[in-house]
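Chain by chain, the residues:
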Amino acid sequence: MRTSRTSRTPLLTRCAALFTGATALAALLLAAPAAHAADPPLRDLAATKGKALGTAVTGSKLTGTYGDIAGREFNWLTPGNAMKWGSVEPTRGNYNWAEADQIVDFAEAHDQDVRGHTLVWHSQNPSWLTNGTWTSAQLGQLMNDHIALEVGRYKGRLAAWDVVNEPFNEDGTYRQTLWYNGLGADYIAQALTAARAADPAAKLYINDYNVEGVNAKSTALYNLVRDLKARGVPIDGVGLQAHLILGQVPSTLQQNIQRFADLGVDVAITELDIRMQLPATAAKLAQQRTEYDAVVKACVAVTRCTGVTVWGFTDSDSWIPDTFPGEGAATPYDENYAPKPAYYGIATGLGGTGTTPPPSTDGCAASYRVANQWNTGFTGEVTIRCAAGSSLPSWRVAWTFGAGQQVGQAWNASCAQTGTAVSCSNASWNGSVPSGGSVTFGFNGTWSGSNPVPTVTLG
């Protein structure tokens with residue numbers, strides 16, 4: 001892990017958009033809680049502990065709100081799929097590096113490190129490779145050439161590689177794969193050696209799942225690493241994927257991290273998510289927050305645990321619902337990019353206060369119009385809009401009537417009026433305003449004499 005970089009100062013958020021015409025607009029920031037200010041971004045908290053805080057990303061999504069969060073909150077990125085063999089060489093000799101390059105370029109522009117994922121795996125290989133008939137010599141050469149090409153392409157730009165992914169069965173025996181069946185167990189040593197030759201500076205890892213606690217599978221990995229070290233094979237670390245289930249975080253997690261560290265290798269939690277049976281409830285989300293906090297603290301407690309990477313930071317980008325029907329809500333952000341309790345669990349795990357920051361209305365604004373008017377009555381309509389790259393997890397608007405108007409029945413909002421001052425907040429189903437999106441509510445009111453448009457503030 002590279003620890004010499006200074007955590008960047010987050011970019012200033014966009015100024016609120018101003019709209020012209022008869023509609024009066026304003027956007028105000030809510031005051032921070034009086035007790036203490038909200039925590040800095042997660043990457044800054046992680047940096048104070050000398051740890052990485054990463055996320056898996058999809059290159060095509062690194063714009064707008066998704067890109068803003070990825071750049072602001074994390075100091076490491078892992079390509080979710082873009083560097084897997086099937087993605088980069090779908091047909092033999094024809095390469096597609098576009099998404100992988102995009103992620104590396106984004107990381108460099110945001111002072112982030114990149115974890116390469118993954119070089120040798122039994123899954124997501126191109127069909128020409130899996131369906132081919134190869135001698136051991138041919139297969140070994142294909143593996144060496146692939147590693148030399150891909151690692152060499154990014155030499156000096158990537159901090160670490162998951163060189164070998166998921167080599168073990170649950171009982172600790174070797175998984176029967178193209179590589180094991182064709183080359184024997186020593187394919188792992190061969191792959192690590194090839195990766196070291198291709199980029200001597202990158203940290204080389206073996207990565208697997210269900211090895212977070214002390215069990216037969218993690219013990220097999222432990223024995224392998226001990227053997228590789230004794231033989232002088234280049235191995236810098238182990239990755240504990242940590243695809244966990246709510247209520248099943250291993251009690252031996254920190255003990256397990258420590259025993260690998262005692263072998264003289266680094267440990268990284270590489271693919272953390274904590275899934276639950278849907279629907280998510282307040283109680284489940286509170287428990288998930290506690291468990292994210294516990295996992296992060298287990299890493300912080302061990303010097304050679306380099307950091308934690310979440311496998312996608314938003315539920316809209318999570319692999320869980322498609323793989324485990326009826327389960328989900330596994331990541332720190334909801335589908336509308338609002339931080340969940342789990343986000344604040346990560347913050348407290350990194351030594352932060354876990355304070356919920358006040359929502360910022362930068363980039364969002366509210367507009368008021370009279371949709372219909374008659375005799376002494378009228379229908380008012382208010383729209384809250386967020387520009388691309390901005391969003392709100394909840395909203396409240398306020399205005400002061402200038403001619404004695406009175407709000408009556410409202411829909412899609414809860415409204416109250418005291419004298420001439422009106423305040424309206426979101427209903428339970430429409431609090432989230434997505435990037436580039438809008439929410440509208442309305443009300444019936446009464447007027448007499450005149451019905452001027454008031455100035456609306458969003459907070």
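Residues numbered from 1 in each chain as written. Predicted model: local features only at pLDDT ≥ 70, side-chain atom pairs only at ≥ 80, totals over all residues. Heavy atoms only, no water.

Caption draft 1: View of the UniProt feature "active site" (unreviewed entry) in the chain. Per the UniProt entry, the sites bearing "active site" (unreviewed entry) are Glu271 in this numbering. Checked against the element boundaries, glutamate 271 lands in strand β8 (residues 266–277). In contact with glutamate 271, not counting residues within four places along its chain, are His117, Asn165, Asn207, Leu240, Gln241, Ala242, His243, Thr309 and Trp311. In terms of polar contacts, glutamate 271 uses its side chain to reach the side chain of histidine 243, at 2.7 Å. (UniProt positions renumbered as here; feature names shortened; annotations may be inferred. Helix = DSSP H or I, 4+ residues; strand = E, 2+ residues; numbered from the N terminus. Contact = heavy atoms within 4.5 Å. Polar contact = N/O pair within 3.5 Å; in protein donor to acceptor, adjacent residues only side chain to side chain.)

Caption draft 2: Quick look at the pattern of salt bridges. Using the criterion set out here, one finds 16 salt bridges in the structure. Arginine 72 is the salt-bridge partner of glutamate 73, the closest N and O atoms lying 2.9 Å from each other. On the accessibility criterion, arginine 72 (30% relative accessible area) is partly exposed. A salt bridge links aspartate 208 to lysine 217; its shortest N-O distance comes to 3.4 Å. The class of aspartate 208 is buried, set by a relative accessible area of 0%. The network of salt bridges with shared partners includes Asp105, Glu108 and Arg157. (Salt bridge = Lys/Arg side-chain N within 4 Å of Asp/Glu carboxyl O. Buried < 20%, exposed > 50% of the residue type's maximum accessible area, 1.4 Å probe, protein only.)

Caption draft 3: Inspection of the packing of aromatic side chains at higher detail. Applying the stated criterion across every chain yields a total of 21 aromatic pairs. Judged by centre distance (6.5 Å) and plane angle (75°), the rings of tyrosine 66 and tyrosine 337 are edge-to-face. On the criterion of sequence distance, the pair formed by tyrosine 66 in helix α2 (residues 64–73) and tyrosine 337 in the loop between β10 (327–328) and α13 (341–349) is long-range, its members being 271 residues apart. Note on tyrosine 66: relative accessible area 2%, which makes it buried. Given the relative accessible area of 21%, tyrosine 337 is considered partly exposed. (Phe/Tyr/Trp six-rings, centres within 6.5 Å; stacked < 30°, edge-to-face > 60°.)

Caption draft 4: Geometry of the environment of valine 397. As for its placement among the helices and strands, valine 397 is situated in strand β13 (residues 396–400). In this structure the C-alpha to C-alpha distance between valine 397 and alanine 366, which are 31 residues apart in sequence, comes to 7.5 Å. In contact with valine 397, not counting residues within four places along its chain, are Ala366, Val382, Ile384, Val422, Ser423, Cys424, Phe441, Val456, Thr457 and Leu458.

Caption draft 5: Summary view of the sheet that holds β13. What the 4 strands build is an open sheet, ordered β15-β16-β13-β18; its pairing is antiparallel. Bordering the open sheet on either side are β15 (413–418) and β18 (456–458), each of which pairs with just one other strand. Ignoring which end each strand starts from, the neighbouring axes of this sheet average 20° apart. As paired elements, β15 and strand β16 (residues 421–426) share 6 bridges and run antiparallel to each other. Pairing of serine 414 across the sheet is with serine 425, part of β16. (Pairing = 2+ DSSP bridges. Axes fitted to C-alpha atoms, helices over the stretch in contact; angles between N-to-C directions.)

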